[in-house]
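Report on the structure
The residues making up each chain are set out below.
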Amino acid sequence: EVRVLEEVRDHPKKPFVAIMGGAKVKDKLSVIAVLARSADAVLVGGKLVHEIREQSLQLPTNVLVGRLSEDGFDIAPETTDSWKSLILKAAMIVWNGPLGKFEDPKYKQTAKVAEIILQSNAEIVIGGGDSVAALNQYGLLEKAESKAFVSVGGGAMLKLLSDGTLPTIEALK
């Protein structure tokens, strides 16, 4: 796992697309800025969109904050449509966190983005328990595990990508 993530961090294949969603906003805002340095595009959905707007955060131009559905619990279908070509052209994709309230079947955009990711020819890294739960709910987990590197370690994955190490790794040195 460490080797895969160090490769993403130090030598991402281009074009490199990072997709960030989920609910643990505090863990992810700083990672977006770090990923934006190496990614061709960072696609942002989920609760992160609310936080970015509430704080009026200024983000690099390659960070594309998705439009939300009218009720704010999912990304809008037009967001998925506008991201599709970026995802399909990517050589490497890192995805962490659902892009909406995936637990409710009426919100379908995370499933659509997951399907697009899995249609791509990119090297794929998927991290986070909620991302794995979403894939499982959509019946896509087995396909993801055969095509991508999948880890339930979302927070640790983000910390390694942003900081280049983890306390455990340092302790083992």
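Residues numbered from 1 in each chain as written. Predicted model: local features only at pLDDT ≥ 70, side-chain atom pairs only at ≥ 80, totals over all residues. Heavy atoms only, no water.

Along its length, the protein chain carries nine helices and six strands. Its C-alpha atoms give the protein chain principal-axis dimensions of about 50 × 40 × 25 Å. Surface summary for the protein chain: the accessible area is close to 8,600 Å², and the carbon and sulfur share equals 51%. Between the mean site of the 21 positive side-chain charges and the mean site of the 22 negative ones, the protein chain shows a separation of 2 Å. (Helix = DSSP H or I, 4+ residues; strand = E, 2+ residues; numbered from the N terminus. Areas by Shrake-Rupley, 256 points an atom, 1.4 Å probe, with all protein chains shown as cover. Lys, Arg positive; Asp, Glu negative; His and termini not counted. Charge placed at Lys NZ, Arg CZ, Asp CG, Glu CD.)

Within the fold, Gly-66 resides in the loop between β3 (63–65) and α4 (77–89). Sequence-wise, Gly-66 and Leu-43 are 23 residues apart; in three dimensions their C-alpha atoms are separated by 7.0 Å. Excluding residues that lie within four positions of it along the chain, Gly-66 makes contacts with Val-44, Val-49, Arg-53, Thr-79 and Trp-83. (Contact = heavy atoms within 4.5 Å.)

Before going further, it helps to examine the packing of helix α1 (residues 2–10) against helix α8 (residues 154–163). Between α1 and α8, whose axes approach to 9 Å, the crossing angle comes to 45°. Viewed along their axes, α1 and α8 adopt a mutual orientation that is oblique. Crossing geometry of α1 relative to α8 is assigned as right-handed. Residue-level contacts link Val-2, Leu-5, Val-8 and Arg-9 of α1 to Met-157, Leu-160, Leu-161, Ser-162 and Asp-163 of α8. When its residues are assigned to classes, the contact of α1 with α8 shows six nonpolar, one polar and two charged. (Axes fitted to C-alpha atoms, helices over the stretch in contact; angles between N-to-C directions. Parallel < 35°, antiparallel > 145°, perpendicular 65-115°, else oblique. Left-handed = near helix turned anticlockwise from the far one by under 90°. Nonpolar A, V, L, I, M, F, W, Y, C, P; charged D, E, K, R; others polar.)

What follows is about the side chain of Thr-110. Looking at where Thr-110 falls in the secondary structure, it is placed in helix α5 (residues 109–119). The contacts of Thr-110, once residues within four sequence positions are left out, are Asp-74, Trp-95, Pro-98, Leu-99, Gly-100, Ala-134 and Tyr-138.

We now examine α5. Summarising burial for α5: eight of the 11 residues are buried, a large majority. Turning to α5, its buried residues number three or more, namely Gln-109, Thr-110, Ala-111, Val-113, Ala-114, Ile-116, Ile-117 and Leu-118. Elements that come into contact with the buried residues of α5 comprise β1 (16–20), α4, β4 (92–96), β5 (123–127), α6 (129–137) and α7 (141–147). (Buried < 20%, exposed > 50% of the residue type's maximum accessible area, 1.4 Å probe, protein only.)

This paragraph deals with the pattern of salt bridges. For the structure shown, the criterion picks out five salt bridges. Notably, a salt bridge pairs Arg-9 with Asp-10, separated by 3.9 Å at the nearest N-O pair. For Arg-9, a relative accessible area of 31% translates into the label partly exposed. Given the relative accessible area of 47%, Asp-10 is considered partly exposed. Salt-bridge contacts for Asp-40 lead to Lys-14; the nearest nitrogen and oxygen are separated by 3.7 Å. (Salt bridge = Lys/Arg side-chain N within 4 Å of Asp/Glu carboxyl O.)

Remember, this is a structural readout, not a statement about activity or role.
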